[in-house]
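# Observations on the three-dimensional arrangement
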Amino acid sequence: MQDLYEQAPCGFIFTLPDGSFTRVNQTFLDLTGYERHDLVPGARFQDLLTVPSKVFYENQYAPLLRMQGAVKEVAFDLRCKGRPPLPVLMNSVQRLDEGGKPLLVASAIFDARDRRQYERELLAERRKAEQLAAIVAFSSDAILSASPDGDIRSFNRGAERLFGYSGGEIIGRSLRDLLAPAGGEAGWDRLMQELRAGRAVVEDMDGTCKDGDIIEVSTALTPVPGQLREVSGISAVVRDISGRREAERLQQEFLAMASHELRHPVTAIKGYAQLMLRRDIYTERSVETILEQAERLERLIDDLMMAAQIEARRLDLRLVETDLVAEARAAVQQILSTDRPIHLEAVDEPVPVLVDQQRFGQVLTNLLSNAAKYSPAGSEIWVRVARGDGEASIEVSDRGAGIPADALPHLFSRFFRVEATSGGAKGLGLGLYISRQLVEAHGGRIGVESEPGVGSTFTVRLPLRGS
Ligand code: ADP
C-alpha cells in the first residue's frame, strides 16, 4: 500500500490550508528533482510555482478550492530543482474538521509535458491549415475544387472575381459550365481521363463568365489523392491570360507596323540611288532625299533601341549640369530644316538643370518633330523655357490638329497613335512613350494640354539645380 502511494503514476501532495507541505510521495520528488527534506516541513506549495502560476493559484485556485471543496485539471508550471519548469495538471480536494473548518488539502499532480507538446503541435497544425486556407481564399488567382466528376465544391474570391459568380451560385454545378478546353466535350473527356490516371494537366482554354463573356484562361487541373491513393477530387487554378494575349497581339501588330515603317525609307533610298545610277544624274534633290530618308531610318532605329533599353530597364543616364535655355536652343537649331517657324522664348537668366544631354536632347527633338509633323506647313511653333519654384519647365506649343480628349490619357503609352488626327503622318507611337520614360528617369514630369483644331502644348518639368 505504501509502495502504491510512493510510486503512484502521479505525484501526491498533502498541504495545510496555507499551502505548507505535510507529505509528498516519491513520484512528486522524481518529477520536481527536490529531496523530501527540501519540502517537508516548512516549504509552501505556492512557492514552487512560476510567477504567473503563483498569481493564478492565489487569486483563483485557492479561493475556488475553499468555496467548492474540490478543483479539477488545472494547469500550473512548477519550478524544479536544477531543471526547467515542469508543466503539470493538478486535482485537489479539501478535507474539513468536525467543525467544518479546512484541515488539509490533498492534491494529485500529473506530468503534462506530453499533453502540452501535443496541444502545441495541434495548434501549430491548425495555424498551418488556417494559413493555407487563407492563402487559397484570398489568392488573386481563381482556385476551385471539384469532385472527381467535376462538380464544383469550393470557389475562392479570385474565382468569384474572374467568373462573376458567387460561391453560392456555382457550387454544385460542373466545371464544364465554366471552362471549355479545345475540342469541347471530347476535350473534357480527354482531360478527365488524364486526371483519373493521376496526371495533372495545364492548358489554355476559354472561360465562360456569368454575364456570358468569354475570357482566355490558363488552367492547371490537378487530381487530389485520397487516403487509398484514389482520386478524391480535382483542384483547378485558373488564371486570366487575356492581358498576355492582348500584349502578344499588340507585339504582332507592332512588328508588322515596324517592318512597314523601316521598309519605306529603304525603298526610297534604293529608288533614288538606282535612278541616279541608271540615268547618271546626281541632282541635289535626289541626294537630299536620300539623306532625309537615311536620317528617318536612323531615328526609327534609335527609337526602337531606346524602347528596348527602357523595357530591359537598362537606362544609364550620364547626368551633367547644364542650362535648359542652351539645350532648347540646340534642339531648335537641329530641327531648323522644317518649314514651320520656331520661336524660342526664354527667361534672361540661366536655368540650371541636371540632364543627360543626348537623352534629353532626344526628348526635345521628339516634341519638336511631333509639333511639326502634326501641324500644317507654315504654322508656327513656340518653345518657352521658364523657371519656377524649385522647378524648370520647357513648353513646346503648336497650332496643329490637336488631340481628342479621350486619347490624352493614353498618349504616353507604348505604340499609341491617334490615326484620325495624324493626317496620314507615319510613326510607330514610340516617341512620346520614350520621352516620358526619359523625363521620369531624370526625376521630372511630362504633360500635355490640347484642343482639337486649335493646337497642343507639351510641358516638361525638371527639378531646378541648386534650389
Ligand atoms: P508617333 O508620332 O511616332 O506616332 P508619338 O509617341 O510621338 O508617336 O505620338 C503618339 C501620337 O500622339 C501620334 O501618333 C499623334 O497621333 C499624337 N501626337 C503627338 N504629338 C502631337 C501633336 N503635337 N499634335 C497632335 N497630335 C500629336
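The coordinates are above.
Residues numbered from 1 in each chain as written. Predicted model: local features only at pLDDT ≥ 70, side-chain atom pairs only at ≥ 80, totals over all residues. Heavy atoms only, no water.

Sheet architecture is open: five strands sit in the order S2-S1-S5-S4-S3, paired in antiparallel fashion. Across the chains shown, the open sheet's two edge strands, defined by having one partner strand only, are strand S2 (21-24) and strand S3 (70-78). Taking the axes of each pair of neighbouring strands and ignoring which way they run, one obtains an average angle of 25° across the sheet. As defined by bridge partners, strand S1 (residues 11-15) adjoins strand S5 (residues 102-111) across five bridges and the pair is classed as antiparallel. Each residue of the ladder has a partner; that of Phe12, found in S5, is Ala108. The sheet contacts of helix H4 (residues 51-68) involve S3, strand S4 (86-96) and S5, and relative to S3 the element is tilted by about 165°. (Pairing = 2+ DSSP bridges. Helix = DSSP H or I, 4+ residues; strand = E, 2+ residues; numbered from the N terminus. Axes fitted to C-alpha atoms, helices over the stretch in contact; angles between N-to-C directions. Contact = heavy atoms within 4.5 Å.)

So, on to the packing of aromatic side chains. Counted according to the given criterion, the structure contains 11 aromatic pairs. Plain terms: the ring middles of Tyr5 and Phe12 are 6.1 Å apart, the flat faces sit at 10° to each other, and that makes the pair stacked. Classification of Phe12 as partly exposed rests on a relative accessible area of 26%. Ring centres of Phe21 and Phe45 lie 6.3 Å apart, and the angle between their planes is 80°; on these two criteria the pair is classed as edge-to-face. On the criterion of sequence distance, the pair formed by Phe21 in strand S2 and Phe45 in the loop between helix H3 (36-39) and H4 is long-range, its members being 24 residues apart. (Phe/Tyr/Trp six-rings, centres within 6.5 Å; stacked < 30°, edge-to-face > 60°. Buried < 20%, exposed > 50% of the residue type's maximum accessible area, 1.4 Å probe, protein only.)

With that out of the way, let us pick up the pairing of strand S10 (residues 214-225). As defined by bridge partners, strand S9 (residues 201-208) adjoins S10 across eight bridges and the pair is classed as antiparallel. For Asp206, the partnering residue across the bridge sits in S10 and is Glu216. What sits between the antiparallel neighbours S9 and S10 is a turn of five residues, in which Gly212 has the positive phi angle 90°. In terms of strand pairing, S10 meets strand S11 (residues 231-240) through nine bridges, oriented antiparallel. Paired with Thr219 across the two strands is Val238, which belongs to S11. Here S10 folds back onto S11, and the loop between the two strands holds five residues, one of which, Arg229, carries a positive phi near 65°.

Around the ligand sit 19 residues, and of these Asn370, Tyr374, Asp398, Arg417 and Leu432 come closest. A distance of 3.0 Å separates an oxygen atom of the ligand from a polar backbone atom of Val418. Residue Gly431 places a main-chain N or O atom 3.2 Å away from an oxygen atom belonging to the ligand. Within the complex, 97% of the 530 Å² of free accessible area of the ligand lies under protein. Mapped onto the shell around the ligand, the elements with two or more residues apiece are helix H12 (357-373), helix H13 (431-441) and strand S18 (455-463). The element that contributes the greatest number of residues to the shell around the ligand is H12, accounting for three residues. Counted by class, the shell around the ligand contains 10 nonpolar, six polar and three charged residues. (Near = heavy atom within 4 Å. Polar contact = N/O pair within 3.5 Å; in protein donor to acceptor, adjacent residues only side chain to side chain. Areas by Shrake-Rupley, 256 points an atom, 1.4 Å probe, with all protein chains shown as cover. Nonpolar A, V, L, I, M, F, W, Y, C, P; charged D, E, K, R; others polar.)

Everything listed here is a matter of geometry and, on its own, says nothing about what the molecule does.
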